[in-house]
Amino acid sequence: MLHVIFVVAIAAEAMTAALAAGRRRMDWFGVCVLAVVTALGGGTMRDTLLGHYPLSWVADPSLLLIASGAALVTIALARFMETLRWPFLILDALGLVVFTIIGCNVAIEMGQSPVIVIVAGMITGIAGGILRDVLCNDIPLVFSGELYATVSIVTGAIYYLGVIAGYPADVVTILAIVLGFTLRVLAILFNWSMPKFVYDKELR
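Residues numbered from 1 in each chain as written. Predicted model: local features only at pLDDT ≥ 70, side-chain atom pairs only at ≥ 80, totals over all residues. Heavy atoms only, no water.

Side note on the overall build of the protein
Here's step 1: Counting its secondary structure elements, the protein contains eight helices and zero strands.
Here's step 2: Secondary structure elements in the protein, listed N-terminal to C-terminal, are α-α-α-α-α-α-α-α.
Here's step 3: Here the protein has a C-alpha radius of gyration of 17 Å; the compact-globule value for 204 residues is 17 Å, and the two agree.
Here's step 4: Taken along the three principal axes of its C-alpha coordinates, the protein extends 55 × 50 × 35 Å. (Helix = DSSP H or I, 4+ residues; strand = E, 2+ residues; numbered from the N terminus. Rg over C-alpha atoms; globule rule 2.2 N^0.38 Å.)

So, the side chain of Thr-173
Here's step 1: Tracing the backbone shows Thr-173 in helix α8 (residues 169-190).
Here's step 2: What makes Thr-173 buried here is its relative accessible area of 9%.
Here's step 3: Among all residues touching Thr-173, those that are not within four sequence positions of it are Leu-2, Ile-101 and Tyr-159. (Buried < 20%, exposed > 50% of the residue type's maximum accessible area, 1.4 Å probe, protein only. Contact = heavy atoms within 4.5 Å.)

Considering the pattern of salt bridges
Here's step 1: A complete count under the given rule lists four salt bridges for this structure.
Here's step 2: When the shortest N-O distance is used, the salt bridge between Arg-46 and Asp-47 registers 2.9 Å. An identical accessibility class is assigned to Arg-46 and Asp-47; each is buried. (Salt bridge = Lys/Arg side-chain N within 4 Å of Asp/Glu carboxyl O.)

Considering the packing of aromatic side chains
Here's step 1: Enumeration over the complete set of coordinates arrives at three aromatic pairs.
Here's step 2: Here Phe-190 and Trp-192 contribute two aromatic rings whose centre-to-centre distance is 5.9 Å and whose plane-to-plane angle is 25°, an arrangement assigned as stacked.
Here's step 3: Note on Trp-192: relative accessible area 38%, which makes it partly exposed.
Here's step 4: Ring geometry for Phe-197 versus Tyr-199: centroids 6.4 Å apart, planes at 15°, classification stacked.
Here's step 5: Residue Phe-197 is classed as exposed on the basis of its relative accessible area of 72%. (Phe/Tyr/Trp six-rings, centres within 6.5 Å; stacked < 30°, edge-to-face > 60°.)

Thoughts on the nonpolar core
Here's step 1: Phe-6, Ile-10, Val-98 and Ile-126 are the most contacted members of the largest nonpolar core, which has 46 residues in total.
Here's step 2: Sorting the residues of this core by element identifies α1 (2-23), α2 (28-50), α4 (62-76), α5 (85-109), α6 (114-135), α7 (149-164) and α8 as the ones contributing at least two each.
Here's step 3: With 10 residues, α1 is the largest single contributor of residues to this core.
Here's step 4: Excluding residues within four positions of it along the chain, Ile-10 makes contact with Ala-39, Leu-40, Leu-63, Ile-66, Ala-67 and Phe-99. (Core = buried A, V, L, I, M, F, W, Y, C linked by side-chain atoms within 4.5 Å.)

Description of unusual backbone geometry
Here's step 1: For the bond running from Tyr-53 to Pro-54, omega is 0°, close enough to zero to count as cis.
Here's step 2: Residue position: Pro-54 is located in the loop between α2 and α3 (56-59).
Here's step 3: Its identity is not glycine, yet Arg-25 carries a phi of approximately 55°, on the positive side.
Here's step 4: Of note in this structure, Asn-191 is not a glycine but carries a positive phi near 55°.
Here's step 5: Relative to the helices and strands, Asn-191 is located in the segment after α8.

Shown next as structure tokens:
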């Protein structure tokens, strides 16, 4: 189940990145590159930092094809994408929590400390979106008040605590997905956000 959701999440992340590329008039190669970076960048950064090899897309090259294929499908169906805003938001929320859990799992299997487990999950969940926004010359969405990284941290903490408490893996996974997904959807519906730091005085 987790693998199926993971593949769907990769496709969804790639499609949202393709739309961002289209808004900046990138060519088809640029669209595919941005889609792959967004969909697989979080896992790549996590594996690189933790020394976990081979990278996920090296071990399973079909992930590259899925992300690129989703980007090309987006180009073909771009005119209909506006009507699919909510399905994309739902898939993005689901992708966030699933990527987070997979990242935590990798760190747990490597015997990392609790803090590193949760950080690894967060990096897996949010780094791809940060790379997308940087490549599009935007301030990353996750730094703009969106309750996104916080959802990832909460999801990772729930998953890790459930694992070390000895609960069945399937139960812990489902619980973390449901709670993290619900929190993210509520944040979207009610515009929950992190407090912002505003300082506009010049230092002299």
